[in-house]
Amino acid sequence: MSSSIILIFLLTFQVCSCQNLKIEQVLILSRHNVRTPLSQNLHEFTPKPWPNWKEKSGYLTAKGALLEGFMGEFFSSWLIQEGVLAKKCPDEKSFYVYANIAQRTMASADAFISKAFPLCNITIHHTTAAQKDPIFNPVIHNASKTFKIEAVEQMQTLLNSFHFQTSEECLENILDYKASNYCLTKQKCDLVNDKNKIFVNVGFKPNVEGPLKVSKSVIDSFIMENYEGLPIDEVAWGRLKTNDDWNLIMELSKGYHNVIFNTSIVAEDLARPLLTFIKDLLINRQYKVTLLMGHDANIYTVLKSLRVKPYVLNDQYEKAPAGGKIVFQKWMDKISSERYLRIDYVYQTTKQMREGKSLSMINPPDFTLLELEGCEIDANGFCPWNDFVNILNSIIG
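Keep in mind the model is a prediction, meaning the values are calculated, not measured. (Residues numbered from 1 in each chain as written. Predicted model: local features only at pLDDT ≥ 70, side-chain atom pairs only at ≥ 80, totals over all residues. Heavy atoms only, no water.)

To continue, consider the overall build of the protein chain. A count of helices and strands for the protein chain gives twelve helices and ten strands. The C-alpha atoms of the protein chain give a radius of gyration of 21 Å, which matches the 21 Å a tight globule of 397 residues would have. The dimensions of the protein chain, computed from C-alpha atoms along their principal axes, are 70 × 50 × 45 Å. Per-residue burial for the protein chain yields a buried fraction of 54% across its 397 residues. Sequence separation of 24 or more characterises 76% of the internal contacts of the protein chain that already satisfy a separation of 6 or more. When the accessible surface of the protein chain is totalled, it reaches about 17300 Å², and 51% of it is carbon and sulfur. (Helix = DSSP H or I, 4+ residues; strand = E, 2+ residues; numbered from the N terminus. Rg over C-alpha atoms; globule rule 2.2 N^0.38 Å. Buried < 20%, exposed > 50% of the residue type's maximum accessible area, 1.4 Å probe, protein only. Contact = heavy atoms within 4.5 Å. Areas by Shrake-Rupley, 256 points an atom, 1.4 Å probe, with all protein chains shown as cover.)

The following block contains the structure:
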């Protein structure tokens, strides 16, 4: 059921001393918005023609910039309404932005702030190093043999638990996979029975090579085609027209991301640099509002490391949709001075993204309340701030 985000904050005023709560800090961990497909060899997996994109592979699209701008406008309105920011250009202590250096993340951050605070001179901070930013780069850090053995075992156990035959057969039919160049030249023609292989190596992203990776790559293109607003008869060549169709093949995409990002040992290793940065921003620097622009890998691993309970994003096919934002909020009771945490996943529904309609306090994005194990929430979604800090400390050390 789609809900108005306005109700989140109306409900929060009913906690403790009714209207005695105010927001002190907000940290927004965002995935970049709609981009072109990442895979360079999609043509290998089907004899059918793929859509032509105006932008380079992996770049933010014009539609993605538009959608991210809508998010910026909404968040600006909400933050001003709640008194977190004033109706003027915020200074850096009030609003701090840090983005990964990939084009799609830098461009998403720019689209957000350009619409949130037009004509304001806001700096997008980023690494100046030539290599990938270690804060966002989801690579293995632990070099011990014991870690590698345990990581592979956890990933393999999760992989073995999946039963995707119906989804794989459906995807084979959509692609006409057995007529693909990949099948004809490499004799890898069976998404159901071909083998997957797990890789865990220091300095590299954990990976699964095989039919599950092939499936994820082509489904990624379908998702972006849909967000981009291509005619429904052109998205996946018109083969995905119902929610049931989408949900069936999305099991494969979700399965791939679960294997590489959602085992506890791997997630905590990948997310530690970003969680250390988040802790520093919230506890030490204490900006009023922080925007961190990253990737789905960052969303998955942070949520898993924080032990977020299972959640559902209504009216969305992805677990970490393009442009979606994890919104950490620090609230204070003005009478008791007690601090509380609330976390919401704020995102645009698939329909909102396809239609590309602007957002506002009247037409807001959707939201889902997130709960942490070890930080028990009350009836309005608050848990003690100190419990959250303890969770961060237990992960980071």
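Now for the packing of aromatic side chains. Aromatic ring pairs are defined here through the distance separating the ring centres and the angle between the ring planes. One pass over the full model with this rule turns up 20 aromatic pairs. For the pair Phe 75 and Phe 112, a centre-to-centre distance of 6.0 Å together with 45° between the ring planes defines the contact as tilted. Of this pair, Phe 75 sits in helix H2 (residues 62-81) while Phe 112 is found in helix H3 (residues 103-116), placing the two residues 37 residues apart along the sequence. Relative accessible area serves as the criterion here: at 2%, Phe 112 is assigned to the buried category. Where Phe 328 meets Phe 388, the ring centres are 6.0 Å apart and the plane angle is 25°; that geometry is what we call stacked. One end of the pair, Phe 328, is in strand S7 (residues 325-333); the other, Phe 388, is in helix H12 (residues 385-396), and 60 residues separate them in sequence. Each member of the pair, Phe 328 together with Phe 388, is buried. By the ring-pair criterion, three or more aromatic residues cluster together here, those being Phe 74, Phe 75, Trp 78 and Phe 112. Note that Lys 93 overlies the ring of Tyr 287, its terminal NZ or CZ placed 5.3 Å from the centroid. (Phe/Tyr/Trp six-rings, centres within 6.5 Å; stacked < 30°, edge-to-face > 60°. Lys NZ or Arg CZ within 6 Å of the ring centre and 35° of its normal.)

Attention now moves to helix H8 (residues 243-261). Over its 19 residues, H8 extends 25 Å from the first C-alpha to the last, a length consistent with the 27 Å expected when each residue adds 1.5 Å. Where H8 bends most, at Met 250, the angle is about 30°. The set of residues buried in H8 consists of Trp 246, Ile 249, Met 250, Leu 252, Ser 253, Gly 255, Tyr 256, His 257, Val 259, Ile 260 and Phe 261. Packed against the buried residues of H8 are helix H4 (145-160), helix H5 (165-175), strand S5 (207-209), helix H7 (211-228), helix H9 (264-285) and helix H10 (296-305). (Expected span 1.5 Å × (residues − 1). Bend = angle between axes of the 7 residues up to and from the residue.)

Now for the side chain of Asp 296. Relative to the helices and strands, Asp 296 resides in helix H10. On the accessibility criterion, Asp 296 (16% relative accessible area) is buried. The contacts of Asp 296, once residues within four sequence positions are left out, are Arg 31, His 257 and Ala 320.

Next up on the list: the pattern of salt bridges. Tallied over the full model, the rule gives twelve salt bridges. The partner of Glu 24 in a salt bridge is Arg 339, and the shortest N-O contact between them spans 2.9 Å. Highlighted residues: Glu 24 in strand S1 (residues 21-31) and Arg 339 in strand S8 (residues 339-347), separated in sequence by 315 residues. Lys 178 is the salt-bridge partner of Glu 172, the closest N and O atoms lying 3.1 Å from each other. (Salt bridge = Lys/Arg side-chain N within 4 Å of Asp/Glu carboxyl O.)

This part is about the state of the cysteines. Summed over all chains, the structure comprises three disulfides. Note on cysteine connectivity: Cys 183 is disulfide-linked to Cys 189, with sulfurs 1.9 Å apart. Between Cys 183 and Cys 189, the S-S dihedral sits near 95°, and the bridge is therefore right-handed. The class of Cys 183 is buried, set by a relative accessible area of 8%. Two residues, Cys 375 and Cys 383, share a disulfide whose sulfurs are 2.0 Å apart. Its S-S torsion of approximately 80° makes the covalent link between Cys 375 and Cys 383 right-handed. Summarising the burial analysis for this pair, Cys 375 and Cys 383 share the class buried. Once the disulfide-bonded cysteines of the protein chain are ranked by sequence position, their pairing pattern turns out to be 1-2, 3-4, 5-6. (Disulfide = S-S within 2.5 Å.)

Everything listed is a geometric property; what it means functionally is a separate question.
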